[in-house]
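# Overview (structure and organization)
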Amino acid sequence: MAQQRESRWVKVVVASIVRPIMRAVTRPRWSGQENVPREGGVIIAANHLSMSDPLTIAHFLYVGGRRWPTFTMKEGVMRIPVVRSVARSTGQIPVKRGSTDAVKALAEAEKALVRDGSSVIFYPEGTCTRDPELWPMAAKTGVARLALTTGVPVVPLAHWGEQHLLPYGTTKLRPFPRKRIEMVAGPPVDLSAYRDKPLTATLLKEATADIMRAITELQAGIRGEEPPAVPFDPKRARREAVEERSADGGAPADEGASGAPGDGAENGAERA
């Protein structure tokens, strides 16, 4: 029997605060709510545009999907006393980035999915997209691994518009005029070809590509545009930048330092 991860009264209080705020600053247009299972464990795999989209996704999932949203949260955020109390009372999962504790977050996410029947939101990219046109990037394989080990469905979720509310890399919120936020959930990704097989690196990459393809196709439908044939890969972009500087006679830059800093939204599942 599924266990209750959240405090009912805290959920009521949080929802009563967040919903009016979202109505005040966004004009949501949602579709595909029927693809979100009303009960049982489910992975919601979403693209990541802005530090504001956890709120817009939570709004969609709670109101449209009738599910309580469970996120993995950066451990540093969980140190803030009020945030920590609320996060724990609402079933959120803490993650220490760059540590072995990320594996513990994976185990906690698996427990939430299998034991508690929760709806857990993941960003397979691991951070806000760095694609120049804001298309979904190449992703890490943790979500695919979690889906295949637990057997729960993966519902792809694409959205567009949060970049106008709070652009990535800035702290300047632009709430007015209200921003149009478009969100669509697709049917669960068919991962049957990968089940009951050894979880090799190749298999996980292929399953991950299927998940990201589903998200990208949904976003392309929202935007009415053709996505790139090959997803943007930040690691490859950094490597090519280093090689180009070396070819030009410059001192090779430290590859790890050349990338944009993380935004705190990475999930434990991307670390597996």
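Here goes a summary of the coordinates provided. The structure presented is a predicted model; accordingly, all values stated were derived computationally and were not measured.

### Let's talk about the packing of aromatic side chains
The final tally for this structure, using the stated rule, is 2 aromatic pairs. Ring centres of tryptophan 30 and phenylalanine 60 lie 5.5 Å apart, and the angle between their planes is 90 degrees; on these two criteria the pair is classed as edge-to-face. Of this pair, tryptophan 30 sits in strand E1 (residues 26–31) while phenylalanine 60 sits in helix H2 (residues 53–64), and the two are 30 residues apart along the sequence. Relative to tryptophan 68, the ring of tyrosine 62 lies with its centre 5.5 Å away and its plane at 90 degrees, an arrangement referred to as edge-to-face. Tryptophan 68 sits in the buried class, given a relative accessible area of 13%. Taking the ring centre of tryptophan 135 as reference, the NZ or CZ of arginine 223 above it sits at 3.8 Å. Residue placement shows arginine 223 over the ring face of tryptophan 160; its charged tip is 4.0 Å from the ring centre.

### Observations regarding unusual backbone geometry
Residue proline 177 follows phenylalanine 176 across a cis peptide bond; omega there is -5 degrees. By secondary structure assignment, the location of proline 177 is in the loop between helix H6 (162–165) and strand E7 (179–185). With a phi close to 60 degrees, arginine 66 is a non-glycine residue in the positive phi region. Here arginine 66 shows up in the loop between H2 and strand E3 (69–74).

### Thoughts on a positive patch on the surface
Among the surface-exposed residues, Arg19, Arg23, Arg38 and Arg66 lie close enough to one another that they form a single positively charged patch. With respect to the helices, strands and loops of the structure, arginine 23 is situated in helix H1 (residues 8–25). With relative accessibility at 45%, the residue arginine 23 sits in the partly exposed group.

### Digging into the nonpolar core
Note on soluble globular proteins: their nonpolar side chains tend to be buried together. Formed by 34 residues in total, the largest nonpolar core has its most connected members in Ile43, Phe122, Leu146, Leu148, Val154, Leu191 and Ile211. Looking at this core, the elements that each hand over two or more residues are strand E2 (42–46), strand E4 (93–95), helix H4 (101–114), strand E5 (119–122), helix H5 (142–150), strand E6 (154–160) and helix H7 (201–223). Ranked by the residues each element gives to this core, the list is headed by H7, at 9 residues. Once residues lying within four places of it in the same chain are set aside, the contact partners of isoleucine 43 are Leu113, Val120, Phe122, Val143, Leu146, Ala147, Val152, Pro153, Val154 and Val155. One finds Ala46, Ala87, Val155 and Ala185 within the second-largest nonpolar core, a separate group that totals 18 residues.

### Quick word on a negative patch on the surface
Judged by side-chain charge, Glu240, Glu243, Glu244 and Asp248 come together as a negatively charged surface patch. Mapped onto the elements of the fold, glutamate 243 is located in helix H8 (residues 234–247). Owing to a relative accessible area of 48%, glutamate 243 belongs among the partly exposed residues under this scheme.

### Details of the sheet that holds E7
Read from one edge of the open sheet, 7 strands run E1-E7-E6-E2-E5-E3-E4, paired in mixed fashion. Across the chains shown, the open sheet's two edge strands, defined by having one partner strand only, are E1 and E4. On average, each strand axis in the sheet is inclined to that of its neighbour by 25 degrees, with strand direction left out of account. Where E2 lies against E6, 4 bridges are found, and the strand directions are parallel. Within the sheet, the bridge partner assigned to alanine 45 lies in E6 and is proline 156.

### Focus on the pattern of salt bridges
All chains considered together, the criterion is met by 6 salt bridges. For lysine 111, the salt bridge is made with glutamate 108, and the minimal N-O distance between the two is 3.6 Å. Of this pair, lysine 111 and glutamate 108 are both found in helix H4, 3 residues apart, which corresponds to roughly one turn of the helix. Glutamate 108 sits in the partly exposed class, given a relative accessible area of 25%. The partner of arginine 115 in a salt bridge is aspartate 116, with the nearest N and O atoms 2.6 Å apart.

About the criteria used
Residues numbered from 1 in each chain as written. Predicted model: local features only at pLDDT ≥ 70, side-chain atom pairs only at ≥ 80, totals over all residues. Heavy atoms only, no water. Phe/Tyr/Trp six-rings, centres within 6.5 Å; stacked < 30°, edge-to-face > 60°. Helix = DSSP H or I, 4+ residues; strand = E, 2+ residues; numbered from the N terminus. Buried < 20%, exposed > 50% of the residue type's maximum accessible area, 1.4 Å probe, protein only. Lys NZ or Arg CZ within 6 Å of the ring centre and 35° of its normal. Patch = residues over 30% accessible without salt bridge, like charges linked within 9 Å, V, L, I, M, F, W, Y side chains within 5 Å. Areas by Shrake-Rupley, 256 points an atom, 1.4 Å probe, with all protein chains shown as cover. Salt bridge = Lys/Arg side-chain N within 4 Å of Asp/Glu carboxyl O. Lys, Arg positive; Asp, Glu negative; His and termini not counted. Charge placed at Lys NZ, Arg CZ, Asp CG, Glu CD. Core = buried A, V, L, I, M, F, W, Y, C linked by side-chain atoms within 4.5 Å. Contact = heavy atoms within 4.5 Å. Pairing = 2+ DSSP bridges. Axes fitted to C-alpha atoms, helices over the stretch in contact; angles between N-to-C directions.

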